[in-house]
Amino acid sequence: MKNILVLCTGNSCRSQIAEGYLKHFAGSKANVYSAGIETHGVNPKAIKTMAEDDIDISNHTSNHVDEYTNIAFDYLITVCDNANEACPYFPGNVKRFHYNFPDPAKARGTEDEVMGEFRKVREQIKAYTQQFVEQHLTEAQ
């Protein structure tokens, strides 16, 4: 079983969405965690947009990366440039991946426009995480 950490700035949106999809796509092939270099709480709009795709992240918590220093991670995925640049060192044979997703929490406009941005980012993260699982968590690995 592989250990995966998804890291973002505040562990409120992008990393939470990625954790939800990685758990969904990986099933029993991986233990999935998410954290931030800060903690901002789980964004209610992230919870809402994931519920629209039948994935419940309402019980997720916003965790600081320091909480996971004792776990031997196989994969580390940073989902924003800030986390990629500030990411602490993890010992061992950790494979690092990076993709800078837009921050939907910074979206401005009407409620519909903001939720539209959350949905757009959700779909980008969904595609990325599905592809990640297909490429890195196959039975042969």
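Residues numbered from 1 in each chain as written. Predicted model: local features only at pLDDT ≥ 70, side-chain atom pairs only at ≥ 80, totals over all residues. Heavy atoms only, no water.

(A) Representation of the overall build of the protein. Secondary structure summary: the protein contains 4 helices and 4 strands in total. In terms of overall size, the protein behaves like a compact globule, its C-alpha atoms giving a radius of gyration of 14 Å where 141 residues would be expected to give roughly 14 Å. Its C-alpha atoms give the protein principal-axis dimensions of about 45 × 30 × 25 Å. Burial analysis of the protein (141 residues in total) assigns 47% to the buried set. About 7,100 Å² of surface is accessible on the protein, with carbon and sulfur atoms providing 45% of the total. Side chains of the protein carry 14 positive and 19 negative charges; the gap between the two charge centres is 2 Å. (Helix = DSSP H or I, 4+ residues; strand = E, 2+ residues; numbered from the N terminus. Rg over C-alpha atoms; globule rule 2.2 N^0.38 Å. Buried < 20%, exposed > 50% of the residue type's maximum accessible area, 1.4 Å probe, protein only. Areas by Shrake-Rupley, 256 points an atom, 1.4 Å probe, with all protein chains shown as cover. Lys, Arg positive; Asp, Glu negative; His and termini not counted. Charge placed at Lys NZ, Arg CZ, Asp CG, Glu CD.)

(B) Layout of the sheet that holds strand S4 (residues 95–98). Pairing is parallel in the open sheet, where 4 strands are placed in the order S2-S1-S3-S4. Single-partner strands in this sheet number two, and they are strand S2 (30–36) and S4. The average angle at which neighbouring strand axes cross in this sheet is 20 degrees, direction not considered. As defined by bridge partners, strand S1 (residues 2–8) adjoins strand S3 (residues 75–78) across 4 bridges and the pair is classed as parallel. In the strand pairing of S3, valine 6 is matched with isoleucine 77. (Pairing = 2+ DSSP bridges. Axes fitted to C-alpha atoms, helices over the stretch in contact; angles between N-to-C directions.)

(C) Just the environment of histidine 40, in detail. Mapping histidine 40 onto the fold places it in the loop between S2 and helix H2 (44–51). For the pair formed by histidine 40 and histidine 64, sequence separation is 24 residues and the distance between their alpha carbons is 9.5 Å. Ignoring sequence-local partners within four residues, the contact set of histidine 40 consists of Gly10, Ser12 and Ser62. Engagement of the side chain of histidine 40 in a polar contact is seen with the side chain of glutamate 38, the distance being 2.6 Å. (Contact = heavy atoms within 4.5 Å. Polar contact = N/O pair within 3.5 Å; in protein donor to acceptor, adjacent residues only side chain to side chain.)

(D) Representation of helix H1 (residues 14–26). In this model H1 runs 18 Å from its N-terminal to its C-terminal C-alpha over 13 residues, within 8% of the 18 Å that 1.5 Å per residue would give. In this structure, the buried residues of H1 make contact with S1, S2, H2, S3 and helix H4 (111–136). Positioned one or two residues after H1, glycine 27 has a phi angle of 55 degrees, which is positive. (Expected span 1.5 Å × (residues − 1).)

(E) How the structure looks around the pairing of S1. Most of S1 sits inside the fold, with 6 of its 7 residues counted as buried. Relative to S2, S1 is paired through 7 bridges, and the arrangement is parallel. Following the sheet pairing, leucine 5 is matched in S2 by tyrosine 33.

(F) Spatial organisation of the confidence of the model for the protein. Summary statistics for the protein give a mean pLDDT of 92 and a share of 96% for residues scoring 70 or more. The secondary-structure element of the protein with the lowest mean pLDDT is helix H3 (residues 81–86), recorded at 79, while H2 shows the highest, at 98. (pLDDT = per-residue confidence, 0-100.)

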